[in-house]
Amino acid sequence: QTGMFTYDPGFTSTASCESEITYIDGDEGVLLYRGYPIEQLAEQGDFLETCYLLLYGELPTPIQRRDFNYRITRHTMVHEQMARFFQGFRRDAHPMAVMVASVGALSAFYHDSTDISDQRQRMVASMRLIAKIPTLAAMAYKYSIGQPFVYPKNELDYTSNFLRMCYAVPCEEYKINPIFARALDRIFILHADHEQNASTSTVRLAGSSGANPFACIAAGVACLWGPAHGGANEAALKMLTEIGTVENIPKYVARAKDKNDPFRLMGFGHRVYKNYDPRAKIMQQTCHEVLNELGMKDDPLLQVAIELERIALSDEYFIEKKLYPNIDFYSGITLKAMGFPISMFTVLFAVARTSGWIAQWKEMIEDPGQKIGRPRQLYIGAARRDYVPLDKR
Ligand code: SDX
C-alpha cells in the first residue's frame with residue numbers, strides 16, 4: 001500500500017519501471033500528474049507550472065515559479081549556427097523530420113550540458129530542452145513556409161511566446177489571441193506526460209545507456225512521430241477530412257470493424273484507457289471554445305467528429321472492445337482552426353511531451369539502482385544447425 005493506491009502484484013510484475021510522476025487508471029479514465037487530477041491542472045494551472053510539477057514533484061511556490069520562469073527564459077534562443085543548420089533541409093521536409101534532426105543536433109552545440117554524471121549539467125540540459133523546443137518547433141514551421149525566423153520575446157509567457165514565433169512577421173505587430181493562447185497552453189498540459197507510453201519508454205531506454213539528454217529526447221521525437229502514437233492527431237484529421245460528411249460515417253465505421261481491413265478509426269482506442277480518455281473530454285471542450293471564438297461552431301469536421309463519436313460509442317463492436325476517443329480525436333480540429341498546418345500537429349505534441357520526457361529521464365538517471373535497459377525476448381527462430389557451403393545449397 002502506498003497512500004491511496006494498492007499495488008496489484010500481477011500488474012507490477014509486468015511494469016517496466018517504478019515512477020512517481022504520472023498515474024493512469026485505464027479502467028476508470030483517471031490521469032494524475034504527481035497526484036493532481038489532469039482536469040484541475042488543465043483548468044486552474046498553466047503549462048510552465050506543469051513542467052515544474054513534473055520535474056520536481058510539487059507545485060511551485062511564487063518564488064520557485066519566478067525562479068523557474070527566469071531560468072527557462074534564459075535559454076529560449078538557440079545557437080545562431082542552428083539557424084544555418086536548417087538551410088540543409090528541403091523546404092517541403094516534414095517538420096517532424098526537422099525536429100528529430102535539430103533536437104539531436106543540440107548535442108553538437110551545448111557540450112557543457114551533456115555530461116549526465118554532473119547534476120548541474122543535467123539541470124541545465126533540462127532547462128535548455130524545455131526552453132528551446134518551442135523555438136526549434138517555430139523555426140521548423142517558419143522554414144517550411146519560407147518566412148524568416150522570429151526570435152523569442154521573453155516578456156511573453158511560454159505559450160504566447162511560441163505562438164508569436166510561429167505567426168509574427170517582421171512587417172507588422174503580432175497580436176496574441178488570448179483564447180488561442182489559453183487553449184494551446186491547456187493542450188500542452190494535456191500532452192505533457194502519460195506514464196510509460198512508447199516515446200517515453202524510448203527516452204528512458206536511450207537514457208539508460210548514458211546517452212546525452214538531447215540525443216534521448218531526439219529518440220523520443222522519432223518514436224512519437226508514428227501514426228499509432230503521436231502521429232495519430234495528424235492521422236485523425238486526415239481521416240475526418242476523408243470521411244467529409246456525416247452521411248459517409250457508417251461506411252468508415254464498417255471498415256474499422258472489418259478484421260480484413262487495416263483501416264482503424266484514428267483518435268479512437270488506447271493501450272491503457274478502456275474508458276473515456278480524460279484528456280479527450282477536456283480536448284473536446286477546448287475545441288468548442290476555439291471554434292466558437294472563430295464563429296465556426298458548425299464546422300463540418302466538428303460535426304463529423306461529434307456524430308462519429310456518437311455512432312461509435314453506441315456500436316457493440318466499440319463497446320465490447322472498450323474503444324473510446326483518445327486525446328488525438330479532437331486535437332486536430334482545434335489546431336487546424338488555430339491556423340496550424342496538419343504537418344505541425346505532432347510537433348506541437350512533441351513540444352508538450354518534452355516536459356514529461358525530461359522528467360521521466362531525470363527520474364531514471366537519478367535512481368541509484370538504475371541499470372542499462374536490456375529487454376529480453378522469447379526466441380522462436382531455427383534450432384542450432386551447421387553451416388552449409390555455397391556449392392552445397
Ligand atoms: C497516443 O500509450 C500512450 O499513452 C499513448 C498516448 C500518450 O499520451 O502518449 O496516449 C498518445 O498515442 C494515443 C493513441 C493514438 N493512436 C490512435 O488513435 C491510432 C488509432 N488507435 C489504434 O491504432 C489503437 O487503438 C492503439 C494503437 C492506440 C491501441 O491498439 P491496440 O493495442 O491494438 O488496442 P487494443 O489492444 O485495446 O485493441 C483491442 C481491439 C483490437 O481488436 P482485436 O485484436 O481484439 O480483434 O480493438 C481493435 C484492435 O484491433 N482496435 C480498433 C481500434 N483500436 C483498437 N479497431 C478500430 N479502430 C481503432 N481505433
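One structure accompanies this document, and this report is about it. Treat the numbers as computed from the prediction; the structure is a model and nothing was measured.

1. Focus on the pattern of salt bridges
- Considering all chains together, one arrives at 15 salt bridges under this definition.
- Note that glutamate 289 is salt-bridged to arginine 186, the shortest N-O span being 3.3 Å. Of this pair, glutamate 289 sits in helix 14 (residues 278-293) while arginine 186 is found in helix 9 (residues 178-191), placing the two residues 103 residues apart along the sequence.
- Since its relative accessible area comes to 37%, glutamate 289 is described here as partly exposed.
- Of the charged contacts, one joins arginine 204 and glutamate 363 as a salt bridge, the two residues approaching to 2.5 Å between their closest N and O atoms. Of the two residues, arginine 204 is situated in helix 10 (residues 198-208) and glutamate 363 in helix 18 (residues 345-365); the sequence distance between them amounts to 159 residues. Each member of the pair, arginine 204 as well as glutamate 363, is classed as buried.
- A network of salt bridges, in which partner residues are shared, links Arg122, Lys362 and Glu366.

2. Looking at the environment of alanine 192
- Take alanine 192: it is sitting in the loop between helix 9 and helix 10.
- Residue alanine 192 is classed as buried on the basis of its relative accessible area, which comes to 0%.
- When near neighbours in sequence (up to four residues on either side) are disregarded, alanine 192 contacts Tyr33, Phe47, Thr50, Leu54, Ala352, Arg353, Ser355 and Gly356.

3. Some thoughts on helix 9
- Given a rise of 1.5 Å per residue, 14 residues ought to cover 20 Å, and the 20 Å separating the end C-alpha atoms of helix 9 matches this to within 8%.
- Counting buried positions along helix 9 gives 11 out of 14 residues, so the element sits mostly inside the fold.
- By the N-cap criterion, in which a side-chain oxygen at the helix start approaches the backbone nitrogen of a residue two or three places on, helix 9 is capped by asparagine 177, the distance to isoleucine 179 being 2.7 Å.

4. Description of the site of the ligand
- His194, Arg264, His270, Arg271 and Lys274 are the nearest of the 25 residues found near the ligand.
- Taken by itself the ligand offers 1,000 Å² of open surface, and the protein chains cover 80% of this.
- For the shell around the ligand, the residue count by class is 10 nonpolar, seven polar and eight charged.

About the cut-offs
- Residues numbered from 1 in each chain as written.
- Predicted model: local features only at pLDDT ≥ 70, side-chain atom pairs only at ≥ 80, totals over all residues.
- Heavy atoms only, no water.
- Salt bridge = Lys/Arg side-chain N within 4 Å of Asp/Glu carboxyl O.
- Helix = DSSP H or I, 4+ residues; strand = E, 2+ residues; numbered from the N terminus.
- Buried < 20%, exposed > 50% of the residue type's maximum accessible area, 1.4 Å probe, protein only.
- Contact = heavy atoms within 4.5 Å.
- Expected span 1.5 Å × (residues − 1).
- Polar contact = N/O pair within 3.5 Å; in protein donor to acceptor, adjacent residues only side chain to side chain.
- Near = heavy atom within 4 Å.
- Areas by Shrake-Rupley, 256 points an atom, 1.4 Å probe, with all protein chains shown as cover.
- Nonpolar A, V, L, I, M, F, W, Y, C, P; charged D, E, K, R; others polar.

By themselves, these are just geometric observations and shouldn't be taken as functional.
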